[in-house]
Amino acid sequence: MTLLKLSLMAFSFVFWAAGLTMLIIGLWAKVSLGSYLALSASDYPSAPTILLATGVAVIIWGFLGCFGAATEHRGLLRAYSAFLTAVLAAGLAAGLSALLYRQTLAQGFQDGLRQALLAYGEDERVADSLDALQRALSCCGVLSYRDWLASPWGLEQNGSVPLSCCRARRGCQRSPPDPRRLHRDGCFAKVSAFVGSNMSYVATAALGLALLQLIGIVLACLMAARVSAGLLGTTTPR
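Structure report, in brief. Owing to the predicted nature of the structure, the values given are computational and were not obtained by experimental measurement. (Residues numbered from 1 in each chain as written. Predicted model: local features only at pLDDT ≥ 70, side-chain atom pairs only at ≥ 80, totals over all residues. Heavy atoms only, no water.)

Details of the overall build of the chain
- Scanning the chain from N- to C-terminus turns up nine helices and zero strands.
- Starting at the N terminus and ending at the C terminus, the chain contains elements arranged as α-α-α-α-α-α-α-α-α.
- Across the 238 residues that make up the chain, the buried fraction comes to 34%.
- Contacts in the chain between residues at least 24 apart in sequence constitute 69% of all its contacts with a sequence separation of at least 6.
- Working note: accessible area of the chain is about 13700 Å², and carbon and sulfur atoms make up 66% of it. (Helix = DSSP H or I, 4+ residues; strand = E, 2+ residues; numbered from the N terminus. Buried < 20%, exposed > 50% of the residue type's maximum accessible area, 1.4 Å probe, protein only. Contact = heavy atoms within 4.5 Å. Areas by Shrake-Rupley, 256 points an atom, 1.4 Å probe, with all protein chains shown as cover.)

Below you can see the structure in the form of structure tokens.
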């Protein structure tokens, strides 16, 4: 019983640390990537919001799981096991949804970029977000710099591009622009390539977290059963 208690407490600490990590990553993504994610036209919740909510829940339940193991509280142990099961199911559902609807999500981001080009010069927040994205990824337009030439802002500027498309300030914003002085790749291709190259890491992390949760569910259920047996007067090895 003592070994089981220590194992569950150790798991709860690791689970709590994972929640803290998710919270920190969510805060970083909210601050650093919020302006980029605002360009998406998708109705799905943003990844930073999901990470923040999940991180807070995991931190709270990680503490409660450790407390339940230390005090051998049967109700807390059962609730902890149920929470781990719910998180596991939600994680698997979210992972499957991301795989099944990745084309829809990608299309939402592409549509958002096109809407940003149309609103450029009228909405300062959108313009700042798009300029920041083009500078950070060294890209220009949705598919290429030619997207700017047909945009309302580009037509007003006699077929020019924003300064954020330029590799260097000198001689870049002439009309028509010199492609050699511009970022060649479109922003949608850059984002898609980044997501695709990191998909294997995301899948590996999700699989590892699912395995960790399965271990926690088994430990919590075993300890709850041992506590119940002890309350009923059944002798259990300690």
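Following the structure, the description resumes.
Let's talk about the state of the cysteines
- Under the counting rule described, the total for this entry stands at two disulfides.
- Between the sulfur of Cys139 and that of Cys187 lies a disulfide, 2.1 Å long from S to S. On the sign convention where negative means left-handed, the S-S torsion of about 85° between Cys139 and Cys187 marks this disulfide as right-handed. Of the two residues, Cys139 sits in the loop between α6 (124-137) and α7 (146-149) while Cys187 sits in helix α9 (residues 187-231), which places them 48 residues apart along the sequence.
- Exposure remark for Cys139: the relative accessible area of 0% places this residue in the buried category.
- A sulfur-sulfur distance of 2.1 Å marks the disulfide that ties Cys140 to Cys165. (Disulfide = S-S within 2.5 Å.)

Here's the deal with the packing of aromatic side chains
- Tallying each qualifying case throughout the model produces nine aromatic pairs.
- Their ring planes at 75° and their centres at 4.8 Å tell us that Tyr120 and Trp148 sit as a pair that is edge-to-face. With Tyr120 in the loop between α5 (102-119) and α6 and Trp148 in helix α7, this residue pair connects regions lying 28 residues apart in the sequence.
- Look at Tyr120 and you get buried, because its relative accessible area is 10%.
- Both rings, one in Trp148 and one in Trp153, keep their centres 5.9 Å apart while their planes meet at 75°; by these two values the pair is edge-to-face.
- On the accessibility criterion, Trp153 (14% relative accessible area) is buried.
- Following the ring pairs from residue to residue traces out a cluster consisting of Phe11, Phe15, Trp61, Tyr80 and Phe83. (Phe/Tyr/Trp six-rings, centres within 6.5 Å; stacked < 30°, edge-to-face > 60°.)

Notes on the environment of Trp148
- For Trp148, a relative accessible area of 0% corresponds to the buried category.
- Measuring from C-alpha to C-alpha, the distance between Trp148 and Leu117 comes to 7.2 Å, with 31 residues separating the pair along the chain.
- Residues in contact with Trp148, not counting those within four places in the same chain, are Leu117, Tyr120, Leu130, Gln134, Cys140, Gly141, Trp153, Gly154, Ser160, Val161, Pro162 and Cys165.

Some details on a nonpolar patch on the surface
- Residues Phe13, Val14, Trp16, Leu20, Ile24, Phe63 and Phe67 make up a contiguous nonpolar surface patch of roughly 680 Å² in combined accessible area.
- Every element with two or more residues in the nonpolar patch is listed here: α1 (2-32) and α3 (47-71).
- The element that contributes the greatest number of residues to the nonpolar patch is α1, accounting for five residues.
- In this structure, Leu20 sits in helix α1.
- By relative accessible area, which is 32% here, Leu20 ends up partly exposed. (Patch = residues over 30% accessible without salt bridge, like charges linked within 9 Å, V, L, I, M, F, W, Y side chains within 5 Å. Salt bridge = Lys/Arg side-chain N within 4 Å of Asp/Glu carboxyl O.)

Re the nonpolar core
- If you look at the biggest cluster of nonpolar residues, it comprises 22 residues, and the most contacted ones within it are Leu113, Tyr120, Leu130, Leu133, Trp148, Cys165 and Leu182.
- Ranked by size, the runner-up nonpolar core spans 20 residues in total, among them Ala69, Ala210, Met223 and Val227. (Core = buried A, V, L, I, M, F, W, Y, C linked by side-chain atoms within 4.5 Å.)

Observations concerning the side chain of Asp131
- In this structure, Asp131 sits in helix α6.
- For the buried Asp131, no salt bridge exists, and the shortest N-O distance to an oppositely charged side chain is 4.9 Å, to Arg135.
- A polar contact of 2.7 Å, which involves the side chain of Asp131, links it to the side chain of Ser164.
- Once you skip the residues sitting within four places of it in the chain, Asp131 turns out to touch Tyr120, Pro162 and Ser164. (Lys, Arg positive; Asp, Glu negative; His and termini not counted. Polar contact = N/O pair within 3.5 Å; in protein donor to acceptor, adjacent residues only side chain to side chain.)

Quick notes on the pattern of salt bridges
- Under the defined criterion, the tally for this structure stands at one salt bridge.
- A salt bridge links Glu72 to Lys5; the shortest N-O distance between them is 3.0 Å. In this pair, Glu72 sits in the loop between α3 and α4 (74-100) while Lys5 sits in helix α1, placing the two residues 67 residues apart along the sequence.

Just distances and angles here, no functional claims.
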